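Read off the chains here:
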Amino acid sequence: MFADSDHIKEIISNLSRQFLIIGVITVILTIITVIVLSKVITQPLVRMKKATEELNRGNHEVELSTSRKDELGELATAITHLSKDLKRLKNERNEFLRMSPMNSVRH
C-alpha cells in the first residue's frame with residue numbers, strides 16, 4: 001500500500017515539474033511575442049511621426065512607401081497624399097503670387 005502512494009507522489013512530482021517548465025516556456029514565448037509585435041507596430045508609427053515632423057518643417061517631399069494593407073498602411077498613404085497636396089498647393093500659391101497684378105506694380 002505504501003509503495004503505491006510513493007508511486008503516486010512521484011507522478012505528482014513529475015507532473016508539477018512539467019507544469020512548471022511549461023509555464024516558464026509559455027512566459028518566455030509570450031514575452032518574445034510581445035516584443036516582436038510591439039516593434040512591428042511601433043516602427044511604422046515612428047516613421048510616420050518623423051514624416052509629419054518633416055511636413056511641419058515645410059518639407060513637402062515626404063513619401064512613405066508601404067505594402068501594408070491595414071490601418072497603418074492607410075495612414076502612411078494618407079500622409080503621402082497630404083504631402084503631395086501641400087506641395088501642389090504651395091506651388092499654386094507661389095504661381096498665383098507671381099502672376100498677381102499687385103506684384104507687377106512697383107512703387
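Residues numbered from 1 in each chain as written. Predicted model: local features only at pLDDT ≥ 70, side-chain atom pairs only at ≥ 80, totals over all residues. Heavy atoms only, no water.

**A word on the overall build of the protein**
Now for step 1: Counting its secondary structure elements, the protein contains three helices and zero strands.
Now for step 2: When the helices and strands of the protein are placed in sequence order, the string is α-α-α.
Now for step 3: Relative to the 2.2 N^0.38 estimate, which gives 13 Å for 107 residues, the radius of gyration of the protein is 31 Å and therefore markedly larger than a compact globule would have.
Now for step 4: Its C-alpha atoms give the protein principal-axis dimensions of about 115 × 25 × 15 Å.
Now for step 5: Relative to its 107 residues, the protein shows a buried fraction of 13%. (Helix = DSSP H or I, 4+ residues; strand = E, 2+ residues; numbered from the N terminus. Rg over C-alpha atoms; globule rule 2.2 N^0.38 Å. Buried < 20%, exposed > 50% of the residue type's maximum accessible area, 1.4 Å probe, protein only.)

**Section: the pattern of salt bridges**
Now for step 1: Tallying each qualifying case throughout the model produces six salt bridges.
Now for step 2: Taking the shortest distance from any N to any O, the salt bridge between Glu-54 and Arg-57 comes out at 2.8 Å.
Now for step 3: Across the salt bridge formed by Glu-92 and Arg-88, the nearest N and O atoms sit 3.0 Å from each other. Of this pair, Glu-92 and Arg-88 both sit in helix α2 (residues 71-99), separated by four residues, roughly a single helical turn.
Now for step 4: Taking relative accessible area as the criterion, Arg-88 reaches 41% and is therefore assigned partly exposed. (Salt bridge = Lys/Arg side-chain N within 4 Å of Asp/Glu carboxyl O.)

**Overview of the environment of Asn-94**
Now for step 1: Structurally, Asn-94 is set in helix α2.
Now for step 2: Looking at Asn-94, the relative accessible area reads 35%, which means it is partly exposed.
Now for step 3: Spatially, the C-alpha atom of Asn-94 lies 14 Å from that of Gly-58, the residues being 36 residues apart in sequence.

**Some remarks on α2**
Residues that lie three or four places apart on an α-helix share one face, since the helix turns once every 3.6 residues.
Now for step 1: Its 29 residues give α2 an end-to-end C-alpha distance of 41 Å, which sits within 8% of 42 Å, the value for a rise of 1.5 Å per residue.
Now for step 2: Along α2, the positions that sit buried rather than exposed are Leu-72, Gly-73, Ala-76, Ile-79, Thr-80 and Ser-83. (Expected span 1.5 Å × (residues − 1).)

**Considerations on the nonpolar core**
Now for step 1: Counting eight residues, the largest nonpolar core consists of Met-48, Ala-51, Leu-55, Val-62, Leu-64, Leu-72, Ala-76 and Ile-79.
Now for step 2: Looking at this core, the elements with two or more residues in it are α1 (2-56) and α2.
Now for step 3: If near-sequence neighbours (up to four positions away) are discounted, Leu-72 is found in contact with Ile-41, Pro-44, Leu-45 and Met-48. (Core = buried A, V, L, I, M, F, W, Y, C linked by side-chain atoms within 4.5 Å. Contact = heavy atoms within 4.5 Å.)

**What to know about a nonpolar patch on the surface**
Now for step 1: A contiguous nonpolar patch, built from Leu-20, Ile-21, Val-24, Ile-25, Ile-28, Leu-29, Ile-32, Val-36, Val-40, Ile-41, Leu-45 and Leu-75 and spanning about 1100 Å² of accessible area, is present on the exposed surface.
Now for step 2: Counting residues per element, the nonpolar patch draws most heavily on α1, which supplies 11 residues.
Now for step 3: Tracing the chain through its elements places Leu-29 in helix α1. (Patch = residues over 30% accessible without salt bridge, like charges linked within 9 Å, V, L, I, M, F, W, Y side chains within 5 Å. Areas by Shrake-Rupley, 256 points an atom, 1.4 Å probe, with all protein chains shown as cover.)

These figures capture arrangement, not role.
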